[in-house]
Amino acid sequence: MTMLFSRKPPPQSSPARVGGRTIESATSGTDDAILRHLEWTVLKRLDGLLQGDYRTLLRGFGLDFAGLREYQHEDDVRHIDWNVTARMDSPYVRQFSEDRDMNAWFLVDLSPSSDFGSARSHARVAPLTGTLVAPPVTKRDLSTQFVAALARLLSQHGNRTGAMIYGSTVDTIIPPRCDRRHVLHLLHRLRNRPILGAVGPTRLEVLLDRAAETIKRHSAVFLVSDFISEPGWEKPLAQLAQRHDVVAVQVSDPLEQTLPDLGLITMEDPETGEQLFVDTSDKGFRTRFETLATERDEALRQTFSRLGVDRLTLATDQSLLDNLVRFSQARKRRPLNNLPTARAA
């Protein structure tokens, strides 16, 4: 098994205090407050940047051809039907009706490695409480924000969202529904799971096999994971991609790519409890670590490409909004008929 070691995350405790002020994480507070924050900081801006075309985040969903009409000044030129335009000697655009009956599933890997995080950025003062609020730092935080934001975006357009959550096995299945209260329920279930100890290596094929058994209707499927797993998940992922529109959402932390010079430290695999005493002041060790991380990332990229699965990368030190916009723009530039065909590994 290929496993990256991570420093063991500190246990949960009460919020820290700096200069007499309490520091809270960006995922502290009520579920409703967190969702409202995402609606304002991510969804509102994302909808503006995508010009309302949230369907670019998906493939094969959301639109049905409704007919043709003459081009008007405010129309999107990408919808011009050039064959009809040539015959009619006047520009015509294709019209579409929105499919408001889509199912989207989030397959969320919250195994112990998801509780690792190192990213820090400047704290800000919350206007109502006067507390210093720091942004999310763990992969679990980022996964939760992604699921909540995208589920809310889809539900606003009349689509249903569900989730399967993996810890050491698939222990939670939330059937698809469509309203804000349901998104709050998803958010609550993701945020309030206990932090697991060393329960053994992750086996993503268990999550993928359960998804194949459960999801019968053609759906959009988001596999949210750091992909630190035992091998064997490639074939069930390919089989799932043959039936559904699958996106691999790879969540990472910068310390999993590059190690700073911290001297002698103990590193621990959070899933097996295995510990390793290393000298991070050794430049050769840091170089080997970075090389292995780069090779692993490239191997994942090639696997997803071969299986016909698009990859959305998220990192704890990067903007969720920016990464969603980049992913949408990349999908918009790539026509449907250029997508690779999924095949079993």
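Placed above this text is the structure.
In this text the structure is predicted, and so the values were computed from the model without any measurement.

With that settled, the discussion passes to helix H7 (residues 283-307). With 25 residues, H7 ought to run about 36 Å at 1.5 Å a step, and its terminal C-alpha atoms sit 36 Å apart, in line with that. Those residues of H7 not exposed but buried are Phe285, Arg286, Phe289, Ala293, Arg296, Leu300, Thr303, Phe304 and Leu307. Packing partners of the buried residues in H7 comprise helix H6 (234-243), strand E11 (245-252), strand E12 (264-268), strand E13 (275-279) and strand E14 (310-315). Its side-chain oxygen at 2.9 Å from the backbone nitrogen of Gly284, Asp282 defines the N-terminal cap of H7. Where H7 terminates, the next one or two residues include Gly308, which has phi positive at roughly 75°.

With that settled, the discussion passes to the pattern of salt bridges. Taken as a whole, this structure holds 12 salt bridges when the rule is applied. A salt bridge links Lys139 to Asp226, with the shortest nitrogen-to-oxygen separation between them at 2.8 Å. In this pair, Lys139 sits in helix H3 (residues 139-156) while Asp226 sits in the loop between strand E10 (220-225) and H6, placing the two residues 87 residues apart along the sequence. Lys139 sits in the buried class, given a relative accessible area of 1%. Residue classification places Asp226 among the buried residues on the basis of a relative accessible area of 5%. The shortest N-O distance in the salt bridge between Arg311 and Asp297 comes to 3.2 Å. With a gap of 14 residues between them, Arg311 in strand E14 and Asp297 in helix H7 connect regions that are remote in the sequence. Taken together, the shared-partner salt bridges in this structure form one network comprising Asp32, Arg36, Glu39, Arg152 and Arg180.

Attention shifts here to the nonpolar core. With 41 residues, the main nonpolar core has Phe106, Phe146, Phe222, Val249 and Leu312 as its most contacted residues. In terms of residues, this core owes the most to one element, H3, which gives 9 residues. If we ignore the near neighbours within four places in the chain, the residues touching Leu312 are Phe146, Val247, Ala248, Val249, Gln250, Asn323, Leu324 and Phe327. Membership of the second largest hydrophobic core comes to 24 residues, among which are Met164, Ile215, Trp233 and Ala238.

This part takes up the sheet that holds strand E8 (residues 160-166). If you trace the 6 strands from one edge of the open sheet to the other, you get E9-E8-E5-E10-E11-E14, paired in mixed fashion. Bordering the open sheet on either side are strand E9 (170-177) and E14, each of which pairs with just one other strand. Here the average twist between neighbouring strands, direction ignored, is 15°. Looking at chain direction, E11 and E14 are connected through 6 bridges and run parallel. When the bridges of E14 are listed, Ser252 appears paired with Ala315. In the packing of helix H4 (residues 180-191) onto the sheet, the strands contacted are strand E5 (103-109), E8 and E9, and the crossing angle to E9 comes to about 170°. Across the face of the sheet, H7 comes into contact with E11 and E14 while running at roughly 175° to E11.

What follows covers unusual backbone geometry. Despite not being glycine, Asp89 shows a phi value in the positive range, around 60°. Using a relative accessible area of 74% as the deciding quantity, one classes Asp89 as exposed.

Two elements in contact, helix H5 (residues 204-214) and H6, have axes whose closest approach is 9 Å; the angle formed by their N-to-C orientations is 30°. Here H5 is positioned roughly parallel relative to H6, judged by the angle of their axes. The handedness of the crossing between H5 and H6 is left-handed. Note on element contacts: H6 touches H5 through Pro236, Leu237, Leu240 and Arg243, opposite Glu205, Leu208, Asp209, Ala211 and Ala212. When its residues are assigned to classes, the contact of H5 with H6 shows 6 nonpolar, no polar and 3 charged.

Moving on: H3. In an α-helix, one turn spans 3.6 residues; hence positions three or four apart end up facing the same way. Taking 1.5 Å of rise per residue, 18 residues should cover 26 Å, and H3 covers 26 Å from first to last C-alpha, within 8% of that figure. Counted residue by residue, H3 has 17 buried out of 18 residues, so it is predominantly covered. Looking one or two places after H3, you find Gly158, whose phi comes out positive at around 85°.

A separate point is the pairing of E5. Counting buried positions along E5 yields 7 of 7 residues, so the element is predominantly enclosed. A two-sided burial pattern is seen for E5, the buried positions comprising Asn103, Trp105, Leu107 and Asp109 on one face and Ala104, Phe106 and Val108 on the other.

What follows is about the environment of Arg331. Locating Arg331 in the fold gives a position in helix H8 (residues 320-333). According to the relative accessible area criterion, Arg331 is buried, its value standing at 4%.

Aromatic ring pairs are described here by two measures, namely the spacing of the ring centres and the angle between the planes. Summed over the entire model, instances satisfying the criterion amount to 6 aromatic pairs. Aromatic side chains Phe146 and Phe222 sit 6.0 Å apart centroid to centroid with 70° between the ring planes, which places their arrangement in the edge-to-face category. Taken together, the residues span a long stretch of sequence, with Phe146 in helix H3 and Phe222 in strand E10 at a distance of 76 residues. Taking the relative accessible area as the measure of exposure, Phe146 reaches 0% and is therefore buried.

Quick look at the environment of Ala330 now. With respect to the helices, strands and loops of the structure, Ala330 is situated in helix H8. Separated by 20 residues in sequence, Ala330 and Asp310 place their C-alpha atoms 10.0 Å apart.

The rules behind the values
- Each chain has its residues counted from 1, following the order in which its sequence is written.
- Thresholds applied to this predicted model are a pLDDT of at least 70 for local features of residues and 80 or more for the giving and counting of side-chain atom pairs; totals over whole chains, interfaces and linings are not thresholded and use all residues.
- Remark: hydrogens and water are excluded; side-chain values derive from all non-hydrogen atoms of the structure.
- To qualify as a helix, a DSSP run of H or I must reach at least 4 residues; to qualify as a strand, a run of E must reach at least 2; elements of each kind are numbered from the N terminus.
- A helix is expected to span 1.5 Å for every residue after the first.
- Relative accessible area decides the class of each residue, using a 1.4 Å probe on protein chains only: under 20% of the type maximum gives buried, over 50% gives exposed, and in between gives partly exposed.
- In what follows, a contact means two residues having at least one pair of non-hydrogen atoms within 4.5 Å.
- Pairing of N or O atoms within 3.5 Å defines a polar contact, subject to two protein rules: one partner must be a possible hydrogen donor and the other a possible acceptor, and residues neighboring in sequence count only if both atoms are side-chain atoms.
- One side-chain nitrogen of Lys or Arg within 4 Å of one carboxyl oxygen of Asp or Glu is enough to make a salt bridge.
- Think of a nonpolar core as a cluster: buried Ala, Val, Leu, Ile, Met, Phe, Trp, Tyr and Cys residues, connected wherever their side-chain atoms sit within 4.5 Å.
- Strand pairing is assigned whenever DSSP identifies at least 2 bridges connecting the two strands.
- The axes used here are C-alpha line fits, helices contributing only the stretch in contact, and every angle between their N-to-C directions lies in the interval 0 to 180 degrees.
- Here the angle decides the label: under 35 degrees means roughly parallel, over 145 means roughly antiparallel, 65 to 115 means roughly perpendicular, and every other value means oblique.
- In a left-handed crossing the near helix is turned counterclockwise from the far helix by less than a right angle, and in a right-handed crossing that turn is clockwise.
- Three classes are used, and their members are as follows: Ala, Val, Leu, Ile, Met, Phe, Trp, Tyr, Cys and Pro are nonpolar, Asp, Glu, Lys and Arg are charged, and the others, Gly among them, are polar.
- Classification of ring pairs rests on two measures: the distance between centres of Phe, Tyr or Trp rings, Trp counted by its six-membered ring, which must be within 6.5 Å, and the angle between planes, read as stacked under 30 degrees, edge-to-face over 60 and tilted in between.

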